[in-house]
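For reference, the chains in residue letters:
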There are 2 protein chains.
Amino acid sequence: MDGRRSPTLEDVAARAGVSRATASRVVNGDPRVRESAREAVTAAIAELGYRPNRAARSLVVREPDSVAVLVHEPDERIFADPFFGGLLRGVGQRLAPTGLQMVLVMGDPVRDGARMERYLRGGHTDGVIVVSAHRGDGLVAALTETRLPTVFVGRPLTGADTFVYVDVDNCEGGRLAARRLVERGCHRIGTVTGPLDMAAGIDRHQGWSEELAAAGLPTDLVEVGDFTAEGGARAVRALLERAPDLDGLFVASDLMAAAAMSELVAAGRRVPEDVALVGFDASAAAGMTRPPLTTVTNPVSEMAVRATELLLRLMRREEAASEVLPTRLVPGGTA
Amino acid sequence: MDGRRSPTLEDVAARAGVSRATASRVVNGDPRVRESAREAVTAAIAELGYRPNRAARSLVVREPDSVAVLVHEPDERIFADPFFGGLLRGVGQRLAPTGLQMVLVMGDPVRDGARMERYLRGGHTDGVIVVSAHRGDGLVAALTETRLPTVFVGRPLTGADTFVYVDVDNCEGGRLAARRLVERGCHRIGTVTGPLDMAAGIDRHQGWSEELAAAGLPTDLVEVGDFTAEGGARAVRALLERAPDLDGLFVASDLMAAAAMSELVAAGRRVPEDVALVGFDASAAAGMTRPPLTTVTNPVSEMAVRATELLLRLMRREEAASEVLPTRLVPGGTA
DNA sequence: CTGTTAGCGCGTTCAC
DNA sequence: GTGAACGCGCTAACAG
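The rules we used
Residues numbered from 1 in each chain as written. Chains lettered and ligands numbered in written order. Predicted model: local features only at pLDDT ≥ 70, side-chain atom pairs only at ≥ 80, totals over all residues. Heavy atoms only, no water. Least-squares fit on C-alpha atoms with pLDDT ≥ 70 in both. Buried < 20%, exposed > 50% of the residue type's maximum accessible area, 1.4 Å probe, protein only. Helix = DSSP H or I, 4+ residues; strand = E, 2+ residues; numbered from the N terminus. Pairing = 2+ DSSP bridges. Core = buried A, V, L, I, M, F, W, Y, C linked by side-chain atoms within 4.5 Å. Contact = heavy atoms within 4.5 Å. Domains from an automatic or database assignment. Buried area = accessible area lost by both parts, 1.4 Å probe. Salt bridge = Lys/Arg side-chain N within 4 Å of Asp/Glu carboxyl O. Axes fitted to C-alpha atoms, helices over the stretch in contact; angles between N-to-C directions. Near = heavy atom within 4 Å. Polar contact = N/O pair within 3.5 Å; in protein donor to acceptor, adjacent residues only side chain to side chain. Parallel < 35°, antiparallel > 145°, perpendicular 65-115°, else oblique. Nonpolar A, V, L, I, M, F, W, Y, C, P; charged D, E, K, R; others polar. Phe/Tyr/Trp six-rings, centres within 6.5 Å; stacked < 30°, edge-to-face > 60°. Lys NZ or Arg CZ within 6 Å of the ring centre and 35° of its normal.

### Observations concerning the relation of the copies chain B and chain A
Note on the identical chains: chain B maps onto chain A by a rotation of 179° and an axial translation of 0.3 Å, with an RMSD of 0.5 Å. The superposition of one copy onto the other is thereby described by a two-fold rotation axis.

Written out as structure tokens, the structure is:
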């Protein structure tokens with residue numbers, strides 16, 4: 001015991017005058033140990049400042065101990081969106097009672113792809129939850145090779161049939177938004193989409209498109225956004241330029257929708273009198289505008305909980321099927 | 001090698017017809033190994049799907065491998081705030097080149113305190129970054145006992161002299177906000193504070209208070225908020241009831257300030273004509289209101305980067321001193 | 001109840 | 001260049 005080295009169970013046992021096995025029992029709460037011995041060991045632990053070595057332990061007990069949450073972060077501003085907060089909350093909540101650790105692996109797939117892949121292949125983790133994967137993401141292929149239990153939050157564009165995922169019914173959400181605008185009597189309806197290399201972007205647009213087509217309305221007023229406020233504002237400006245008579249607008253996220261609303265007002269349009277507006281996410285941002293946004297629910301935390309549940313099943317080698325959660329319209333003051 | 005069990009280095013060696021030592025050298029990129037042997041081992045690794053066992057490895061090499069980010073989550077809605085996103089981004093960014101893992105430990109200190117403490121004492125981690133600790137937090141004491149390298153983001157109320165921390169100059173921020181309102185000619189100035197069991201809440205209020213006192217104005221118009229939109233709205237209602245002649249308001253976070261603005265408008269006040277408003281954080285929420293909020297910067301990601309830097313120093317047993325980052329006023333349309 | 005013993009998977013001398 | 005042997009800290013049988 002040379003002072004530098006952090007104390008081991010052996011040191012504790014020696015100090016308490018018992019064997020290493022007994023000390024181990026005390027540490028692990030095994031009841032079959034005499035009270036006096038327990039006290040001696042407890043005291044020794046305190047005096048020595050002993051901390052069990054997790055590596056040594058897991059080497060022998062061989063239990064899964066961590067789940068990686070893989071977040072692709074192509075845009076610095078993505079964190080302005082409360083999406084990730086809700087997601088992490090959901091995962092953390094479901095993981096808490098299991099004792100599994102949540103390891104956050106973030107990075108730009110291009111810049112940090114190598115590091116992230118190395119991590120995944122390194123066997124540091126027992127399961128993976130992938131968030132907001134984009135099309136053509138090399139990491140997805142790497143993930144397949146590792147054969148690690150994996151669940152996606154948000155339908156992956158490549159391999160939706162081979163991977164398990166949890167998603168909200170984005171298509172239906174787009175339809176609900178469009179229907180609201182149609183029923184309100186709008187006939188020049190535009191949309192600001194999310195990125196079109198993500199299912200959330202594609203599906204919300206598709207639902208909107210289907211519903212308008214069904215109502216016999218044109219579906220050409222489309223601008224691509226990127227789920228950031230700046231992107232939303234830019235898209236709205238483009239839309240107004242293309243169609244000054246715009247009277248209805250579906251924006252694929254509340255963050256963009258709030259920015260869009262500011263932009264509309266700045267352009268002299270009243271919301272909802274001149275332009276009716278529907279967002280997506282039912283996030284805090286929806287309540288912060290005046291009037292509050294009409295929006296579509298996106299149960300992020302719930303998705304995260306479900307995804308984690310499915311992952312735990314996969315880790316136990318049980319069956320797990322993808323899930324699509326329902327969504328609904330939340331009436332606000334903008335449509 | 002019974003198929004169930006995941007393959008070990010031993011298996012790889014056997015399959016490649018070499019000793020375990022040689023296999024190990026290949027895995028770790030040791031140059032002194034014949035090309036033919038290297039190829040055989042590489043092939044065996046691929047065929048067997050071998051993944052090194054991290055526990056066994058770290059048992060031998062004894063290098064730090066993870067940093068815990070401890071987030072107290074007393075309120076479910078706390079994640080609506082982009083604060084945590086920015087924070088995690090900063091930590092992740094600084095940690096990326098080091099290869100250290102970021103382990104997210106979240107929970108309500110009351111409900112999950114035992115689990116969180118067990119985790120910290122469990123020696124699973126090599127350093128800790130504590131976020132938004134509240135006063136009387138039992139975890140802080142537990143942390144002291146573990147003697148784990150620890151850095152706080154946000155000055156801890158207990159033990160600011162014993163712990164290393166990084167914070168923004170909240171006091172100065174409060175002063176800047178108050179000064180803006182005073183210079184604008186407001187004379188009935190109120191504030192909605194953050195929680196008063198956190199330094200951010202206390203210090204921003206104190207700065208506001210000092211500046212008003214210096215200007216000879218009363219400092220009694222104070223309502224305590226909780227950094228949530230609902231809390232902000234509630235506080236403003238209370239303030240308006242107490243002082244219908246309110247003409248200036250400092251709200252200690254943009255999220256609350258945006259809600260406050262809605263509430264002011266709903267109460268028939270024009271912002272800034274009737275009531276001038278200053279927020280805090282310079283977050284995305286500030287740009288979403290109309291007009292955009294005048295606010296005070298809160299360099300969250302930068303704080304996180306600095307905190308991680310200091311933690312890395314502590315982990316190398318180097319000196320590290322607390323840092324307080326400057327802040328400044330961002331003019332908007334509300335004050 | 002307690003101590004003894006045998007590995008867990010891997011990196012690392014130290015011989016060859 | 002390569003292999004045999006040791007030990008990292010701990011838990012789990014098995015004796016006592």
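### A look at the pairing of strand S2 (residues 101–107) of chain B
For S2(B), a buried count of seven out of seven residues is recorded, marking the element as mostly surrounded by other parts of the structure. Of the two faces of S2(B), the one holding Gln101(B), Val103(B), Val105(B) and Gly107(B) and the one holding Met102(B), Leu104(B) and Met106(B) are both buried throughout. Bridge analysis of strand S2 (residues 101–107) of chain A against S2(B) gives three bridges, and the strand direction is antiparallel. By the bridge assignment for S2(B), Leu104(A) is matched with Met102(B). With seven bridges joining them, strand S1 (residues 66–72) of chain B and S2(B) adopt parallel strand pairing. Note on S2(B): the bridge partner recorded for Ser66(B) is Gln101(B).

### Comments concerning the nonpolar core
Grouped together as the largest cluster of nonpolar side chains are 56 residues, with contacts concentrated most on Val69(A), Leu104(A), Val69(B) and Leu104(B). Ignoring anything within four residues of it in the chain, the contact list for Val69(A) reads Leu87(A), Leu88(A), Val91(A), Met102(A), Val103(A), Leu104(A), Val105(A), Ile129(A) and Val131(A). One finds Val130(A), Phe152(A), Leu139(B) and Leu148(B) within the second-largest nonpolar core, a separate group that totals 34 residues.

### Concerning the environment of Asp203(B)
Among the secondary structure elements, Asp203(B) is positioned in helix H9 (residues 199–214). It is 8.4 Å that separates the C-alpha atoms of Asp203(B) and Glu172(B), two residues lying 31 residues apart in sequence.

### Remarks on the domain arrangement of chain A
Under the domain assignment used here, chain A contains domain 1 (9–50), domain 2 (62–169 + 301–326) and domain 3 (170–296). Placing a centre on the C-alpha atoms of domain 1 of chain A and another on those of domain 3 of chain A gives a separation of 65 Å.

### Quick word on the interface of chain B and chain A
Taken together, the contact pairs 47 residues of chain B with 47 residues of chain A. Across the chain B to chain A interface the summed buried area is about 3900 Å²; carbon plus sulfur atoms make up 61%. Among the residues chain B hides against chain A, the three largest losses belong to Arg51(B), Arg89(B) and Met288(B). Together they make up 18% of the total. Along the contact surface separating chain B from chain A lie zero salt bridges.

### Focus on the sheet that holds strand S6 (residues 189–193) of chain B
Sheet strands associate in pairs through backbone hydrogen bonding, adopting either a parallel or an antiparallel arrangement. Residues and elements named next belong to chain B. The strand order across the open sheet built from four strands is S7-S6-S8-S9, with neighbouring strands paired in parallel fashion. The open sheet has two edge strands, strand S7 (222–224) and strand S9 (276–278), and neither has a second partner. Put simply, the sheet's adjacent strands are angled 15° from each other on average, direction ignored. The pairing of S6 with strand S8 (residues 248–251) spans four bridges and is classified as parallel.

### A closer look at the environment of Gly333(B)
Residue and element names in this part refer to chain B. By the secondary structure assignment, Gly 333 is in the segment after strand S12 (329–330). By relative accessible area, Gly 333 is classed as partly exposed at 29%. The spatial distance from the C-alpha of Gly 333 to the C-alpha of Ala 276 is 9.1 Å, given a sequence separation of 57 residues. Excluding anything up to four places from it in sequence, Gly 333 contacts Pro 272, Pro 291, Pro 292, Leu 293 and Thr 294.

### Thoughts on the protein's contact with DNA strand C
Taken together, 28 residues sit near DNA strand C, with Arg25(A), Arg34(A), Leu9(B), Arg20(B) and Tyr50(B) positioned nearest. Protein-proximal atoms of DNA strand C, defined as those within 4 Å of the protein, fall in sugar or phosphate at a share of 61%. Between a phosphate oxygen of DNA strand C and a main-chain N or O atom of Leu9(B), the distance comes to 2.4 Å. Within the backbone of Asn53(B), one N or O atom sits 3.2 Å away from a phosphate oxygen of DNA strand C. Those elements giving two or more residues to the surface near DNA strand C turn out to be helix H2 (20–27) and helix H4 (54–61) of chain A together with helix H2 (20–27) and helix H4 (54–61) of chain B.

### Details of the packing of helix H1 (residues 9–16) of chain B against H2(B)
Residues and elements named next belong to chain B. It is at 8 Å that the axes of H1 and H2 come closest, and there the two elements cross at 105°. Classified by the angle between their axes, H1 and H2 sit roughly perpendicular to one another. Residues Leu 9, Glu 10, Val 12 and Ala 13 of H1 touch H2, and the partners they reach there are Arg 20, Ala 23, Ser 24 and Val 27. Residue composition of the contact of H1 with H2, grouped by class: five nonpolar, one polar and two charged.

### Looking at the packing of aromatic side chains
Residue and element names in this part refer to chain B. Throughout the structure, instances matching the rule amount to six aromatic pairs over all chains. Their ring planes at 50° and their centres at 6.3 Å tell us that Phe 250 and Phe 280 sit as a pair that is tilted. In this pair, Phe 250 sits in strand S8 while Phe 280 sits in the loop between S9 and helix H12 (284–288), placing the two residues 30 residues apart along the sequence. As far as burial versus exposure is concerned, Phe 250 and Phe 280 are alike and both buried. Against the face of Phe 280 rests Arg 204, its NZ or CZ located 3.8 Å from the ring centre.

### A look at the packing of H2(B) against helix H3 (residues 35–48) of chain B
Residue and element names in this part refer to chain B. At a minimum axis distance of 10 Å, the contact between H2 and H3 shows a crossing angle of 85°. Relative to H3, H2 is oriented roughly perpendicular. Mapping the contact onto sequence places Thr 22, Ala 23, Val 26 and Val 27 in H2 and Ala 37, Arg 38, Val 41, Thr 42 and Ile 45 in H3. A breakdown of the residues in the contact of H2 with H3 according to their chemical character gives six nonpolar, two polar and one charged.

### Details of the side chain of Glu211(A)
Mapped onto the fold, Glu211(A) is located in helix H9 (residues 199–214). Among all residues touching Glu211(A), those that are not within four sequence positions of it are Arg175(A), Ala178(A) and Arg179(A).

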